[in-house]
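Residue strings, one per chain:
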Amino acid sequence: MSKTVLVSGGAGFIGSHVTVELSQAGYDVVIADNMSNCDETNYKGVCAILGKTLPLIKMDFCDEAAVKALFAKYRFDALIHFAAFKAVGESVAEPLMYYKNNLDSFLNILQAAREHGTNVLFSSSATVYGEPDETPVTEQSPRKPATSPYGNTKQMCEDFLRDCVAAYGMHGIALCYFNPIGAHPSALIGELPRGVPNNLVPFITQTAIGKRECLSIFGNDYPTPDGTCLRDYIDIVDLAKAHVCAVTRMVEGKMDEPYEIFNIGTGRPVSVLELVNSFQKVNALKLNYRFAPRREGDVTAVWADPSLAEKKLGWKATRTVEETLASAWAWEKRLAGK
Ligand code: UFG
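Residue numbers here run from 1 along each chain, matching the order of that chain's written sequence. pLDDT decides what is reported in this predicted model: residues at 70 or higher carry local features, side-chain atom pairs at 80 or more are listed and counted, and totals for whole chains, interfaces and linings draw on all residues regardless. Excluding hydrogens and water, the side-chain values take into account all heavy atoms of the structure.

## A look at the site of the ligand
Right, so step 1: Lining the immediate environment of the ligand, one finds 19 residues, of which L200, S216, R231, R295 and D298 sit closest.
Right, so step 2: By the criterion applied in these results, polar contacts are pairs of N or O atoms within 3.5 Å in which, for protein atoms, one can donate a hydrogen and the other can accept it, and in which residues neighboring in sequence qualify only through two side-chain atoms. Between an oxygen atom of the ligand and a side-chain N or O atom of N199, the distance comes to 3.1 Å.
Right, so step 3: Take R295: an N or O atom from its side chain is 2.8 Å from an oxygen atom of the ligand.
Right, so step 4: In isolation the ligand has 680 Å² of accessible area, and contact with the protein removes 87% of it.
Right, so step 5: Think of it this way: any DSSP run of H or I at least four residues long counts as a helix, any run of E at least two long counts as a strand, and we number them from the N terminus. Of all elements in the fold, only α7 (200-209) and β8 (215-218) reach the threshold of two or more residues within the shell around the ligand.
Right, so step 6: At 4 residues, the largest contribution of residues to the shell around the ligand is made by β8. Note on terminology: near, applied to a residue and a molecule or strand, indicates that one of the residue's heavy atoms is within 4 Å of it. Areas reported here follow the Shrake-Rupley algorithm with a probe of radius 1.4 Å; residue values treat only the protein chains shown as occluding.

Below, the structure is given as structure tokens:
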């Protein structure tokens, strides 16, 4: 009998790609999303890729009664929790909104998971490592004090899961993503930022399509080879596949410890300027960009040591940054009807 996985925030960027990979791996997926940060574009894209309609429950995970009702209706073997606010700058301006939403929702989920014996996969972020003392970052690298309420919610939710696993005999995995970019090769699902994008790749694609005038590269005086920041850009489909490996590890009872953390990245540092140049080259276009002052809160260099994920999850990033940047551009063009 196939296993059922709940994907909270499954209509969003990462959630939609994970839903596709889970479903193609044979899992039944139930999507639940309050649609606060997305429309149905990605949900429709998911159904088009899969050639079937998946259940989409429109609900807010801060609503305890709604969460209870969801778990009463379905029997989930595992859940993946994506539903959260994710804008770093907004979290600094509106900390209460971030704490209330991101913590309440996860507490309700953990309560339900405890009652129903559901395996929990939490979507965490490299933001928990802050400005690392050493690169690449391993799972043993110390977590630094969070530099934003958003980052703080990621650290706190990791701790909630760790403590619940220890106390209630549950099983949980936290996946720490580095910088997820790109889109599904079908160009039917991808990133849909609301308003002006904060993240680099959507800003690049929107500049290339003419929606934004010019990309600002924030800082070219960092102590890096070309002066711009170094990041670990991970292809969204590669990232999604890591979730399938982690869910399978949990539902098949293959975990070494009841709570595990894995870094999900490529292990390959790429500078902002290198990324911009690769985008121009692979898509044969010229991007309007200029150097601008550093952005407050940016770390100089952070990239993953993904060897634990390879060893334990049997997962490894496979796509080149060029392939990923081509997929991001194909998605932007499709959105523009070009
Ligand atoms: N950048 C620019 N111009 C832009 C946008 C970004 O030069 O218009 C640069 C940034 O300064 C940074 C790099 O591109 O050097 C990547 O920036 P992103 O905003 O795309 O990604 P971050 O590394 O800042 O953010 C990621 C995740 C967040 C997470 C954060 C903390 O997207 O969710 O890491 O590590 F919180």
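Let's pick the thread back up.
## Some details on the side chain of K154
Right, so step 1: Relative to the helices and strands, K154 resides in helix α6 (residues 149-168).
Right, so step 2: Buried means the residue's accessible area, taken with a 1.4 Å probe over protein chains only, is under 20% of the maximum for its type, while exposed means over 50%, and partly exposed covers the values in between. Charge assignment in this entry is limited to Lys and Arg as positive and Asp and Glu as negative, and neither His nor the chain termini are counted. When a carboxyl oxygen of Asp or Glu lies within 4 Å of a side-chain nitrogen of Lys or Arg, that pair is called a salt bridge. Comment: no salt bridge for buried K154; closest opposite-charge side chain is E158, at 8.6 Å.
Right, so step 3: One polar contact links the side chain of K154 to the main-chain carbonyl oxygen of S123, over a distance of 2.8 Å.
Right, so step 4: We call two residues in contact whenever any of their non-hydrogen atoms come within 4.5 Å of each other. Aside from chain neighbours lying at most four places away, what touches K154 is F122, S123, S124, S125, T127 and V128.

## A few points about unusual backbone geometry
When glycine is set aside, most residues are seen to have a negative phi, and most peptide bonds are trans.
Right, so step 1: Each neighbour pair has its own omega, and for T135 with P136 the value is -5 degrees, a cis peptide bond.
Right, so step 2: Mapped onto the elements of the fold, P136 is located in the loop between β5 (119-125) and α6.
Right, so step 3: Even without a glycine there, the phi angle at M35 is positive, about 60 degrees.
Right, so step 4: A residue is classified by how much of its surface remains accessible, and M35, at 15% relative accessible area, is buried.

## Things to note about the sheet that holds strand β3 (residues 56-58)
Right, so step 1: Two strands are counted as paired when DSSP detects at least two bridges linking them. Strand order in this open sheet of 7 strands is β3-β2-β1-β4-β5-β6-β11, and the pairing throughout is parallel. Strands at the two margins of the open sheet, each flanked by one partner only, are β3 and β11 (259-264). Strand-to-strand twist of the sheet, defined as the mean angle between neighbouring strand axes without regard to direction, takes the value 20 degrees.
Right, so step 2: With 6 bridges connecting them, β5 and strand β6 (residues 172-177) associate as parallel partners. Bridge pairing links L121 to I173 in β6. All axes here are fitted lines through C-alpha atoms, helices being fitted over the stretch that makes contact, and every angle between N-to-C directions spans 0 to 180 degrees.

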